[in-house]
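# Close look at the chain arrangement
These are the residues of each chain, in order.
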Amino acid sequence: QIGSYFGGVITTVDIDRDSFTDLLLVGAPMYMGTEKEEQGKVYVYSLNKTKFEYQMSLEPVKQTCCSPLKQDTCKVLKNEPCGARFGTAIAAVKDLNLDGYNDIVIGSPLEDDHRGAVYIYHGRGKAISKKYSQRIASGGDGEKVKFFGQSVHGEMDLNDDGLIDVTIGGLGGAALFWSRDVAEVNVSMQFIPKSINIQQQNCQINIRKTICIDATICFKTRLKSKEDIFESSLQYWITLDAQRQISRSLFTENHERKMQKNITIKGSECTKHNFYMLASKSFKDKPDFQDSVKVLLEFNFSDPESGPVLDSNLPNSIAEYIPFTKDCGAKNRCISDLVLTVKASIAGDSSSPFIVKSRNDKFTIQLSVKNKKDSAYNTRVLVQYSPNIIFAGIEDIQKDSCESNHNITCKVGYPFLKPAEEISFKISFQFNASYLLENATIHVYATSDSEEPPETLSDNRGHVTIPVKYEVGLIFVSVFKEHHVIIAANDTVPTAINTTEQIGDEVTLHYRIEKGEHFPMPNLTLQILFPNVTAAKNTLLYLTGLSHSQNAICQSSYPVDPLKIGTGKPFVLSKIKEPTRDTIMDCDTYSCASINCALVPSDIYQVNVSLRVWKPTIIKASIHSLTLVVKALLRSENSSLILRNDHQKLETMIKISKEHPPGTVPLWVILLSIFAGLLILALLIFALWKAGFFKRPLKKKMEK
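Scoring rules and cut-offs
- Residues numbered from 1 in each chain as written.
- Predicted model: local features only at pLDDT ≥ 70, side-chain atom pairs only at ≥ 80, totals over all residues.
- Heavy atoms only, no water.
- Helix = DSSP H or I, 4+ residues; strand = E, 2+ residues; numbered from the N terminus.
- Rg over C-alpha atoms; globule rule 2.2 N^0.38 Å.
- Buried < 20%, exposed > 50% of the residue type's maximum accessible area, 1.4 Å probe, protein only.
- Contact = heavy atoms within 4.5 Å.
- Areas by Shrake-Rupley, 256 points an atom, 1.4 Å probe, with all protein chains shown as cover.
- Lys, Arg positive; Asp, Glu negative; His and termini not counted.
- Charge placed at Lys NZ, Arg CZ, Asp CG, Glu CD.
- Domains from an automatic or database assignment.
- Expected span 1.5 Å × (residues − 1).
- Salt bridge = Lys/Arg side-chain N within 4 Å of Asp/Glu carboxyl O.
- Disulfide = S-S within 2.5 Å.
- Polar contact = N/O pair within 3.5 Å; in protein donor to acceptor, adjacent residues only side chain to side chain.
- Pairing = 2+ DSSP bridges.
- Axes fitted to C-alpha atoms, helices over the stretch in contact; angles between N-to-C directions.
- Phe/Tyr/Trp six-rings, centres within 6.5 Å; stacked < 30°, edge-to-face > 60°.
- Lys NZ or Arg CZ within 6 Å of the ring centre and 35° of its normal.
- Core = buried A, V, L, I, M, F, W, Y, C linked by side-chain atoms within 4.5 Å.
- Patch = residues over 30% accessible without salt bridge, like charges linked within 9 Å, V, L, I, M, F, W, Y side chains within 5 Å.

## Remarks on the overall build of the protein
The helix and strand tally for the protein stands at 4 helices and 53 strands. The C-alpha radius of gyration computed for the protein amounts to 51 Å, which surpasses the reference 27 Å derived for 704 residues by more than 25%, pointing to a less compact arrangement than a globule. Among the 704 residues that make up the protein, the fraction classed as buried is 43%. Of the contacts formed within the protein by residues at least 6 apart in sequence, a portion of 71% connects residues at least 24 apart. Looking at the protein as shown, the accessible area adds up to about 38200 Å², and 52% of this sits on carbon and sulfur atoms. When the 80 positive and 78 negative side-chain charges of the protein are each reduced to one mean point, those points stand 15 Å apart.

## Description of the domain arrangement of the protein
By domain assignment, the protein separates into domain 1 (9-67 + 77-179), domain 2 (183-322), domain 3 (338-470) and domain 4 (475-658). Taking the mean C-alpha position of each, domain 2 and domain 3 sit 41 Å from one another.

## Quick look at helix α3 (residues 667-690)
When the terminal C-alpha atoms of α3 are compared, their 35 Å separation across 24 residues agrees well with the 34 Å that a helix rising 1.5 Å per residue should span. Positive backbone phi, approximately 85 degrees, marks Gly-692, located one or two places after α3.

## Quick word on the pattern of salt bridges
A pair can form between side chains of opposite charge whenever their charged atoms are brought close. Counting across every chain of the model gives 19 salt bridges. Close ionic contact of Lys-41 with Glu-59 constitutes a salt bridge, the shortest N to O distance being 3.4 Å. With Lys-41 in strand β3 (residues 38-48) and Glu-59 in the loop between β4 (51-58) and β5 (83-86), this residue pair connects regions lying 18 residues apart in the sequence. Classification of Lys-41 by relative accessible area gives buried; the value is 10%. Where Arg-512 meets Glu-514, a salt bridge forms, and the shortest distance between an N and an O atom there is 2.7 Å. A residue is classified by how much of its surface remains accessible, and Arg-512, at 31% relative accessible area, is partly exposed.

## Section: the state of the cysteines
In this structure the tally under the stated criterion is 5 disulfides. Each disulfide pairs two cysteine sulfurs, and for Cys-218 the partner residue is Cys-270, the sulfurs being separated by 2.0 Å. Between Cys-218 and Cys-270, the S-S dihedral sits near 105 degrees, and the bridge is therefore right-handed. Of this pair, Cys-218 sits in strand β19 (residues 212-223) while Cys-270 sits in strand β23 (residues 268-277), placing them 52 residues apart in sequence.

## A short note on the side chain of Asp-103
On the secondary structure map, Asp-103 appears in strand β7 (residues 103-108). At a separation of 2.7 Å, a polar atom in the side chain of Asp-103 contacts the main-chain amide nitrogen of Leu-96. Among the polar contacts listed, one links the side chain of Asp-103 to the side chain of His-122, at a separation of 3.4 Å.

## Observations regarding the pairing of β23
By the bridge criterion, 9 bridges tie β19 to β23 in an arrangement that is antiparallel. By the bridge assignment for β23, Ile-213 is matched with Phe-275. Both strand β21 (residues 249-251) and β23 contribute to a ladder of 3 bridges, which runs antiparallel. Pairing of Phe-251 across the sheet is with Phe-275, part of β23.

## Some thoughts on the sheet that holds strand β43 (residues 506-514)
Taken in spatial order, the 4 strands of this open sheet run β40-β43-β50-β45, and their pairing is antiparallel. Strand pairing shows two members of the sheet lacking a second neighbour, β40 (475-478) and β45 (541-548), which therefore form its edges. Averaged over all neighbouring strand pairs, the angle between strand axes comes to 15 degrees, with direction disregarded. Two elements, β40 and β43, share 4 bridges in a ladder whose sense is antiparallel. Looking at β43, one finds that Phe-476 is bridged to Ile-513.

## Some remarks on the packing of aromatic side chains
In total, this model carries 18 aromatic pairs according to the counting rule given. With 6.2 Å between their ring centres and 20 degrees between their planes, Phe-354 and Phe-431 make a pair best called stacked. Highlighted residues: Phe-354 in strand β29 (residues 354-356) and Phe-431 in strand β37 (residues 422-431), separated in sequence by 77 residues. Of the aromatic side chains, those joined through ring pairs into one cluster are Phe-354, Phe-363, Tyr-385, Phe-429 and Phe-431. Between the NZ or CZ atom of Arg-461 and the centre of the ring of Tyr-445, over which it lies, the distance is 4.3 Å.

## Concerning the nonpolar core
Counting residues in each nonpolar core, the largest one holds 85 residues, and the members touching the most others are Val-383, Ile-427, Phe-429 and Ile-442. Summarising the domain contributions, this core has at least three residues from each of domain 3 (338-470) and domain 4 (475-658). Apart from residues lying up to four places away in sequence, Val-383 is in contact with Leu-367, Asn-407, Ile-408, Ile-427, Phe-429, Ile-442, His-443 and Val-444. Within the second largest apolar cluster, 36 residues are counted, among which are Ile-198, Phe-219, Phe-301 and Ile-322.

## Side note on unusual backbone geometry
Going from Ile-192 to Pro-193, the amide bond is cis rather than trans, its omega being 0 degrees. Structurally, the position occupied by Pro-193 is in the loop between β15 (182-192) and β16 (196-197). Non-glycine residue Asn-378 carries a positive phi angle of around 50 degrees.

## Observations regarding a nonpolar patch on the surface
Together, Leu-667, Ile-670, Leu-671, Ile-674 and Leu-678 make up an exposed nonpolar region whose accessible area comes to about 510 Å². For Leu-671, a relative accessible area of 51% corresponds to the exposed category.

Rendered as structure tokens:
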């Protein structure tokens, strides 16, 4: 970059201390960042035989500078220019961390609003690490001392402790930093028993038999600068079953999975701890035996701010694993053969699906798991089910054997399913009204931590698919099931009709539909059919009104008041064609007018239909009574939501009767009266005969 002062500072370094140059570091302290701040950069070149080749570049912690456009989002700095000028000073220093390789210190004097900072990079092999190992900020207020890091020196042991010290200069003063010694800490762990056999319980915790394990932890320390034995205080943390969210073991001392202790070490020291495996009290406490128990130990000096520091090239934690012993003979491999059977308590098919009448309807699946070969450790049954059903509970096994999230996991035969052992249990479900699917589906899979050959896995699975329909528990009612209309004997056929009242008696049909409590309301279709004309096309029922709630959209094949009688327009009656002789008229055998209503999902619907009996047709009819059947058909537009049979159809009877004229006796009354009189006379004669009224006692006296 032009103007970056590339080459303003250069330094060669012998990293591996073999007296030959390994690296060339070139500073560009005024290298501009993305916001035109002087961040600075150092380019690292490695020596390849006779020439240097670019290896990488080093950069400081990015400094945020304020501009006039973003004064509200950042802290205004007091000094200009803004940036770091990383690479203003580059110094090769002797081995600071006592790993046998020389290190690099780079100054960055403009950091932190000109307070300054330095960065330390450790050497390794013939290179240095790209990430700095330590950043030292100037601390102060930036007034007395500025530009901390504009000069660096690290060649001398100033306090005669055998360690190289570093002097860092700035404007107004310099600071001397003592190097701290580096300590190697080696840790080992041993366990008795070395493996866990779940069938050999060797202790008792809270009245429960379980397995206890003794752990021996040994620490060994030494300083890298000298061979003298030194005394140190370490703090360590132990975590049991560290790779698990829920531990399968706890310490006997505190009944926790974690423990923190301090230990004083002079050369080497060992300590002991005891922990135990959890007994099975609930589903979460039942450990599986597939993964070993991981014991993690982390450590540091009790006072990390003083004294030696841990060797960064060595880990400050170790982990050991305790495997489980499986009782499967000399081969120590358990080869099982699980067989799963699944059966549901309800059934259905595409032609005859199961009808769900309530969200509280329950059903169960019977599960049976059998093991034909070696012990199946940690046998589990995994159950997946469609969202239109909800897990409701288990039967025939301990309730804490199963855990349910979205899927169900049941541990059976814990800790293992023995050869030839079979376990059966039930899982109950209920239906979920929030999801209306055409099928209730359940997939079941049995598995264990033991091995199972691929050729025997086919019988580890089972599934149940039940086609279902949901019965909408709505209420569909009509206010009246029968209407009675009487035609007076003195009624005559007018020549013209001027008002709707002159047509005949009014019949109003009220239909009401209410939502049920279990399932959502589907889109519905309501069809109302009524016989409006006779076979000879004489008017029977005349539609005068149609009203409905806002959630219904209704259309009629027969218009409302088609003759406009309600508007005052007179209608001249024509001659009645072929007076009707039928006594019952319905829509199964006669043509009818229809009203079709589309009902969008809602809680309540109301549809009202007003009809007038066309009196002239009834007066001219050659019958004395007539029954008209009005039919209302309700249908669901959702194939999954169905209606009960008694909610699909309502019939309303309109019974019409004609009065007889005064002074006339119908022929059937006369005939019935004659027959009744003759019957009474015959009964009277029979009674007299039985009483001996017709016997002649005088004849007997004359014969004597």
